Every structure is written in structure tokens, then in C-alpha cells.
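Fold and geometry: a report
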Amino acid sequence: MGMNLDPALGSQDDDEVLSTINTTPLVDVMLVLLIIFLITIPVVTTSIKVDLPRESNVVRQTLPENVIISVDRTGRIYLYDTPMKNQDDLLARLHKFAAMQPQPEVQIRGDAQSEFAAVGRVINAVQRVGITQVGFITEPGP
């Protein structure tokens, strides 16, 4: 770096536009990013080899002994076509099905617009009475 002390040059206009761009900070940032990518790419690509299960849609038969619980858009719970007053009413009715041998399968039909909490209350009630076979009824895909 040098300094010009020529008095003739001091009379020139000092407000000249500096037309060069300092690219050193840009190169530094790009090198840091390159190092970060070189370090993280092997971590992302190397993983434990697992054989994931394949999706299959099995058509299930609705048997007369299956218990059908529906949850509508507003969160109301229905056992077959009978609306449940509250959670205790649902539990009392599910206790009868839990005592049967063999236990019937509970099929839950939840409206797509219903809240997850309403379906969760049904699952909680089924679990509390000890019914182990639970399924969800959905529309088939295209």
C-alpha cells in the first residue's frame, strides 16, 4: 500500500468514484459455505440401511359384530347411529363390547374436517376399556 504526497495531485477532485469492488469478503464467505457443504454431505448420504415396509391397501370386511364409532365434523361421537351424550356414556357402552369373547373390532369413522382431539377421545375410550382391535375406515384413493 502506498501513499502519494505529490502537492499537485492534492488539488484534484477528492470525490472520485471508486469503481472497483472488493471481492475478498465474497470469496471468504463462499469458501466457508463450500467447507460446510463438504462436511455435511457425507452425513446426509450415509445412513443405516433398513428395508422399509411397502404400503398395501387391504380391503377389510365389515362384519355384523364389528363396533362402528363415527365422529362427525363438529366432533360429536356416535356409536352406530346413536349419539353419545359424553365420554362416560361411550365408556359404559364400550365396556359391554370389551367383555365379549372374542372381542369385536372397533372401526372408527372420522370426518376429514373433524378435529383430531375428537378422534383421540374415541381412541382413549377404546384403550381404557381394553379393546385391542381398532381400525380406521377411510375412503379409497384414486
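Just so it is clear, the structure is predicted and the values come from calculations on it, not from any experiment. Position labels on residues start from 1 in each chain and follow its written sequence. Since the coordinates come from a predicted model, pLDDT governs what is reported: local features require at least 70, and pairs of side-chain atoms require 80 or more to be given and counted, while whole-chain, interface and lining totals use all residues. With hydrogens and water excluded, all non-hydrogen atoms of the structure serve as input to the side-chain values.

Glancing now at the overall build of the chain. Strands are runs of DSSP state E lasting at least two residues, helices are runs of H or I lasting at least four, and both sets are numbered from the N terminus onward. Per the secondary structure count, the chain includes three helices and five strands. With a 1.4 Å probe rolled over the protein chains alone, any residue whose accessible area is under 20% of its type maximum counts as buried; one over 50% counts as exposed, and the rest are partly exposed. Counting across all 142 residues of the chain, residues that qualify as buried make up 20%. The long-range share in the chain, meaning contacts at least 24 apart out of those at least 6 apart in sequence, stands at 65%. A total of about 12100 Å² of accessible surface is found on the chain, and carbon and sulfur atoms cover 59% of it. Two residues form a contact once any of their heavy atoms are found within 4.5 Å. Values of accessible area rely on a 1.4 Å probe in the Shrake-Rupley scheme; residue burial ignores everything except the protein chains shown.

In this description, strands pair whenever DSSP reports at least two bridges between them. Sheet analysis places strand S1 (residues 67-71) next to strand S4 (residues 106-110), joined by five bridges and oriented parallel. Note on S4: the bridge partner recorded for Ser70 is Arg109. With three bridges connecting them, S4 and strand S5 (residues 134-136) associate as parallel partners. Its bridge partner lying in S5, Val106 is registered against Val134. Running through helix H3 (residues 116-129), the crossover from S4 to the neighbouring parallel element S5 is right-handed. Convention used here: a crossover is right-handed provided that the path from the first strand, over the helix, to the second strand proceeds clockwise when the strands point away from the viewer.

This part is about the pairing of S1. Buried residues dominate S1, accounting for four of its five residues. Here three bridges tie S1 to strand S2 (residues 77-79), and the two strands are oriented antiparallel to one another. What sits directly across from Val71, in S2, is Ile77. Remark: five residues form the turn of the hairpin made by S1 and S2, two consecutive strands paired antiparallel; Gly75 in that turn has positive phi of roughly 95°.

So, about the nonpolar core. Only buried residues count toward a nonpolar core. Its members are Ala, Val, Leu, Ile, Met, Phe, Trp, Tyr and Cys residues joined through side-chain atoms within 4.5 Å. Core analysis: the biggest nonpolar cluster contains 20 residues, and Ile69, Leu94 and Ile131 have the highest contact counts within it. Every element with two or more residues in this core is listed here: S1, S2, helix H2 (87-98), S4 and H3. Top element by residues in this core is H3. It accounts for six residues. Residues in contact with Ile69, not counting those within four places in the same chain, are Ile77, Tyr78, Leu79, Leu90, Leu94, Val106, Gln107, Ile108, Arg109, Val122 and Val126.

Next up on the list: H3. For a helix, the expected span equals 1.5 Å multiplied by the residue count minus one. If you check H3, its first and last C-alpha atoms are 20 Å apart, about what 14 residues at 1.5 Å a residue would give, namely 20 Å. Of the positions making up H3, those classed as buried are Ala118, Val119, Val122, Ala125, Val126 and Val129. Here the buried residues of H3 occupy an arc of 115° about the axis, which is enough to place them on one side. Of the exposed residues in H3, the ones pointing more than 90 degrees away from its buried face are Phe116, Gln127 and Arg128. Next to the buried residues of H3 lie S1, S2, H2, S4 and S5. For this quantity, the arc is that covered by the directions from the helix axis to the C-beta atoms.

Interpretation in functional terms is not warranted from these geometric data alone.
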